[in-house]
Amino acid sequence: MAFGRGNQPGDPVAAPTGAPSGALAAKAIRADRDALFADSSLRGTSFCRAYSNRADAWLTTLLGSESDVALVAVGGYGRAELAPGSDLDVVLLHKGRKDVRELAERIWYPLWDAGLKLGHGVRTVKEALALAATDLDTATSFLDVRLVAGDSSLGDDLARRALAQWQSRSDRWLSVVGQAVAERHEGAGEVAFLLEPDLKEGRGGLRDVHAQHWAEAARRILLEGDEAAMATAYETLLAVRVALHRRTGKASNRLLLQEQDGIAADLGYADADALMAEVAAAARTIAWTSDETWDRILSSVKGPRGRTAPADRHVGPGIVIRDDIVELTAEADPLSDPTLVLRAAAAAAEAGLRLSRAAIDRLAAEAAPLGDPWPEEARLAFVRLLGAGAAAIPVIETLDQRGLMTRTLPEWEAVRNRPQRNAYHRFTVDRHLCEAAAEAARLTSRVRRPDLLLVGAFLHDIGKGHPGDHSEAGVNLVDKIGPRIGFLPDDISILKTLVRHHLLLAETATRRDLADEATISTVVAAVGNQTTLEILAALTEADSLATGPAAWGSWKAGLIAELVERTAPVLAGQRARSAPEPPPDGTVELIARAKLAEALVLDGEGPLVTVVAPDRPGLFWRVAGTLALHGLDVVSARAWSSADGFAIERFRVQSVFGRTPDWSLVESDLNRVLAGRLSLEARLADRARDYASSPRPPSAAPARLEVSVDNDASDSATVIEVRAPDRIGTLYRITKALAELELDVRLAKVTSLGHEVVDAFYVVDHSGGKLTDEDHLREIQRGIAVHLA
């Protein structure tokens, strides 16, 4: 049996004379649905409306010519917004009909047999309203009642009375909805910034628009321009959700990384980055509008109710705090005062308040250009804004939503909504810069020039929207931005150094030998003076904290502090001193134990593991492999040789299982490996298979394999740096390749970037010297690549 186009949502429905048998109906529905889903010309709203029309037709046919009943669509189906994985939320309304359950089953079963998900109810209007009086989900779904088939008076009655009931209890319900919105945001995170956002439940997602719709049904809350902006943003996310359901065949709303390229192609975007930038822009519009309107709604619900409002508090020329909102006075003149935008923003951030909609709309419409250079008051206000810390972020977002950020800083356009699609970064580039400045605001007491720290943090990644190395691109931009803001040449020089070398301390501390004079000399040459060093140290911490939880920790903080401590005296005129790290305390006792046992001895203390054994080729890679076998990731390692032929190797490890291992078992397995009684290769292969089947940090770009050689980084060793995918046994395989080429690892440092690692090895040849033969160096690179293939 064929099903036709169906009625448009809202059209009157003419009931057919009879209903088909269940089996025939299910088969026809399934075929009709499959044909619809295969039509790639339908996207977003057009697909949702077409699917809703088909569902209307199916239900109309299944109801047949029954009287005194009505089928009404509610919720998303009521709004004609059926995505491929959506439930059909339907209520069969009746007037007390005795056989209504049998009728309902005749309608529901063909839909179930066709594989549709059905949210269904059978109620009188009175029963429906009683449930809506106490249940939020029901109450909100009945705000979108739409007649599908049957007695229109029943549908109209429910729609009218449900709306009236909602409005009569709006204060209670709006408080409940507002709390639910906040809890949902806390659980689902941000659509705009997550690598794999929840398009429906996340902050800035589709559900936020639904919540606005429910609030709007209670009282007029959207301001001029909100509805159009929200509609455009909503359509963007809805189109992505439809494409996600069609591509995966599932009802998931989580936009997984693995689906982003395909969905971008399906929707005609240039690439996944372009898709995610549009998703971010849409979500930010929704989130900002939602935050602003809910602030007003909840303020009105909890309002003063008779309490006298506090007097206006003037916080600068033309700026006043009124009823906990920053407003412009009637005398303020944005056209003649180019500093007003930044002064008002700084006042709002410092007070922890929002700019009123009237104020921000007026500034957007009337504000004069800042000029080049900015007035000094504008520069000071900009620094004050950034110095407000986390409170500055929503204020900057408000400026951005009204186009005032790009008018203030035109270079901002290139980083707006720019995705960083890997597990290491948790924010888009522009939000990362705001977060970094907020983190820097907590550290201003550590530096002599807090203004340069704040502005440097805000601009350190400004070059990411441009071709080439983002640090160098950023330096070129700061060369123009600095004078425009009004900084003096010496200050601009420091800002350029901060941008060029914002990764210097972190990379040096985690990848280089801090006891090596050459390491300190490199940092000294790059930094130039003590003021820049202290600012750069604070910027490094702020940048890391803003990047994500994997980018900062006590180990990394300690290494950077040590690097700064070693560098500062040299900048003050003292000579750099090479001080090779001595073997750990207790080594003599461990060597004695190893001699007595004629075997390897291991001593584990928290994250530090010391291994002592008769020196032999390949000891390092065997230890690294055994540690990996026990779920221990190595973050650094150092090796020494004793005069009596013993090797001392010390590893700093972290457990992937989050618990301290049984060191006696690790020692036992190490001795079995050294005796040739345990196959590391086979055991690690087993672990790698288990690892491959478990969830791993996602990333937009697959980790690449790169092997580089640096003979200038150290006076006593060659530094081999390997960037590779993060897999079980990576360190084991690299060091095994180095051992096969008769190289001795003196120091190893491992940095994890989520989906990849960057390992640095200080190596010498069999005579203890640096590697200089080009053929040998090429063979090293080839050998590492083969072992990691």
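Placed above this text is the structure.
What you are looking at is a predicted structure, and each value in this text was computed from that prediction instead of being measured.

A.B. asks: In this structure, what is going on with the overall build of the chain? I would like to understand it.
C.D. replies: Each helix and strand in the chain was counted, giving 31 helices and 16 strands. Along the three orthogonal principal directions, the C-alpha set of the chain runs to about 100 × 75 × 45 Å. Taking all 789 residues of the chain together, the buried fraction comes to 54%. Sequence-distant contacts in the chain: of pairs separated by 6 or more residues, those separated by 24 or more amount to 71%. Counting every atom, the chain has about 33,600 Å² of accessible surface; 50% of that belongs to carbon and sulfur.

A.B. asks: Explain the packing of aromatic side chains to me, please; I cannot follow it from the model alone.
C.D. replies: Note on aromatic pairs: each is described by the distance of the centres and the angle between the planes. Taken as a whole and judged by the stated rule, the model has 12 aromatic pairs. Aromatic side chains Tyr51 and Trp58 sit 6.2 Å apart centroid to centroid with 70° between the ring planes, which places their arrangement in the edge-to-face category. Both residues of the pair, Tyr51 and Trp58, count as buried. An aromatic cluster of at least three residues, connected via ring pairs, comprises Phe37, Phe47, Tyr51 and Trp58. Its guanidinium or amino end placed over the ring of Tyr77, Arg146 lies 5.3 Å from that ring's centre, counting from NZ or CZ. The residue whose ring lies beneath Arg172 is Trp173, and the NZ or CZ to ring-centre distance is 4.3 Å.

A.B. asks: Explain the pairing of strand E14 (residues 718–725) here, please?
C.D. replies: When a strand is regular, its side chains alternate between the sheet's two faces. When you tally the buried positions in E14, you get eight out of eight residues, the bulk of the element. Examined bridge by bridge, E14 and strand E16 (residues 756–764) share eight bridges and lie antiparallel to one another. Across the sheet, residue Val719 finds its bridge partner in E16, namely Tyr762.

A.B. asks: So what exactly am I meant to see when it comes to helix H20 (residues 470–485) here?
C.D. replies: The end-to-end C-alpha distance of H20 is 21 Å, a good match for the 22 Å that 16 residues give at a rise of 1.5 Å each. Helix geometry: H20 is bent most strongly at Val478, by close to 30°. Looking at the buried positions of H20, the neighbouring elements they touch are helix H15 (376–387), helix H19 (450–459) and helix H21 (489–500). Near the N-terminus of H20, the side chain that reaches the backbone nitrogen of Ser471, with its oxygen 3.0 Å away, is that of Asp469. At the exit of H20 stands Gly486, carrying a positive phi of roughly 115°.

A.B. asks: Which parts of the structure should I look at to understand unusual backbone geometry?
C.D. replies: Residues other than glycine predominantly adopt negative phi, and peptide bonds predominantly adopt the trans conformation. Following Asp372, the chain continues into Pro373 via a peptide bond in cis, with omega recorded as 5°. As for its placement among the helices and strands, Pro373 is situated in the loop between helix H14 (357–366) and H15. At Asp68, a position not held by glycine, the phi torsion is positive, near 60°. Tracing the sequence through the fold places Asp68 in the loop between helix H2 (44–63) and strand E1 (69–73). Look at Asn417: it is not a glycine, yet its phi comes out positive at around 60°. When you line up the elements, Asn417 lands in the loop between helix H17 (404–408) and helix H18 (429–441).

A.B. asks: What exactly am I supposed to notice about the sheet that holds E1 here?
C.D. replies: Pairing is mixed in the open sheet, where four strands are placed in the order E3-E2-E1-E4. Each edge of the open sheet is held by one strand with a lone partner, namely strand E3 (118–124) and strand E4 (146–150). For this sheet the average axis-to-axis angle between neighbouring strands, irrespective of direction, equals 25°. For E1 and E4, the ladder comprises four bridges, and the chain directions are antiparallel. The residue of E4 that forms the bridge with Leu71 is Ala149.

A.B. asks: Would you take a moment to explain the packing of helix H12 (residues 272–301) against helix H16 (residues 392–401) for this structure?
C.D. replies: Helix-helix packing: each pair is described by the crossing angle between the helix axes and the interaxial distance. The interhelical angle for the contact between H12 and H16, taken along N-to-C directions, is 115°, at an axis separation of 11 Å. In the packing of H12 onto H16, the handedness of the crossing is left-handed. Note on element contacts: H16 touches H12 through Glu397, Thr398, Asp400 and Gln401, opposite Arg284, Thr285 and Trp288. Residue classes in the contact of H12 with H16 are distributed as one nonpolar, three polar and three charged.

A.B. asks: How should the sheet that holds strand E15 (residues 744–752) be read in this particular structure?
C.D. replies: Across a sheet, strands are paired by hydrogen bonds formed along the backbone, either parallel or antiparallel in direction. If you walk across this open sheet you meet the eight strands as E9-E10-E12-E11-E15-E16-E14-E13, and the pairing is antiparallel. Edge positions in the sheet fall to strand E9 (601–605) and strand E13 (706–710), since each has one partner strand and no second. Adjacent strand axes in the sheet meet at a mean angle of 20°, parallel and antiparallel pairs treated alike. In this sheet, strand E10 (residues 608–614) lies alongside E9 in antiparallel orientation, the contact comprising five bridges.

A.B. asks: Before we go on, may I ask you to explain the side chain of Arg622 in this structure?
C.D. replies: Structurally, Arg622 can be placed in helix H27 (residues 619–629). For the buried Arg622, which has no salt bridge, the nearest side chain bearing the opposite charge is Glu740, at an N-O separation of 9.3 Å. Apart from residues lying up to four places away in sequence, Arg622 is in contact with Arg616, Pro617, Leu670, Val673, Leu674 and Leu680.

A.B. asks: For this particular structure, what's the right way to read the pairing of E15?
C.D. replies: In terms of strand pairing, strand E11 (residues 632–641) meets E15 through three bridges, oriented antiparallel. Paired with Arg638 across the two strands is Leu747, which belongs to E15. Pairing geometry for E15 and E16, over eight bridges, is antiparallel. Within the sheet, the bridge partner assigned to Val750 lies in E16 and is Asp759.

A.B. asks: Before we go on, may I ask you to explain the environment of Gly645 in this structure?
C.D. replies: With respect to the helices and strands, Gly645 occurs in the loop between E11 and strand E12 (646–655). Owing to a relative accessible area of 38%, Gly645 belongs among the partly exposed residues under this scheme. For the pair formed by Gly645 and Ile728, sequence separation is 83 residues and the distance between their alpha carbons is 31 Å. In this structure Gly645 touches Pro614 and Asp615, once residues within four positions along its chain are discounted.

A.B. asks: Would you take a moment to explain the pattern of salt bridges for this structure?
C.D. replies: Close approach of charged atoms allows side chains with opposite charge to pair. Summed over the entire model, instances satisfying the criterion amount to 60 salt bridges. Put simply, Asp295 and Arg354 hold a salt bridge, and the shortest N to O gap is 2.3 Å. With Asp295 in helix H12 and Arg354 in strand E8 (residues 354–355), this residue pair connects regions lying 59 residues apart in the sequence. By relative accessible area, Arg354 is classed as buried at 18%. Salt bridges here are not isolated pairs; linked through shared partners, they connect Asp226, Glu292, Asp295, Arg296, Arg354, Arg357, Asp361 and Arg402.

Rules of the game
- Residues numbered from 1 in each chain as written.
- Predicted model: local features only at pLDDT ≥ 70, side-chain atom pairs only at ≥ 80, totals over all residues.
- Heavy atoms only, no water.
- Helix = DSSP H or I, 4+ residues; strand = E, 2+ residues; numbered from the N terminus.
- Buried < 20%, exposed > 50% of the residue type's maximum accessible area, 1.4 Å probe, protein only.
- Contact = heavy atoms within 4.5 Å.
- Areas by Shrake-Rupley, 256 points an atom, 1.4 Å probe, with all protein chains shown as cover.
- Phe/Tyr/Trp six-rings, centres within 6.5 Å; stacked < 30°, edge-to-face > 60°.
- Lys NZ or Arg CZ within 6 Å of the ring centre and 35° of its normal.
- Pairing = 2+ DSSP bridges.
- Expected span 1.5 Å × (residues − 1).
- Bend = angle between axes of the 7 residues up to and from the residue.
- Polar contact = N/O pair within 3.5 Å; in protein donor to acceptor, adjacent residues only side chain to side chain.
- Axes fitted to C-alpha atoms, helices over the stretch in contact; angles between N-to-C directions.
- Left-handed = near helix turned anticlockwise from the far one by under 90°.
- Nonpolar A, V, L, I, M, F, W, Y, C, P; charged D, E, K, R; others polar.
- Lys, Arg positive; Asp, Glu negative; His and termini not counted.
- Salt bridge = Lys/Arg side-chain N within 4 Å of Asp/Glu carboxyl O.

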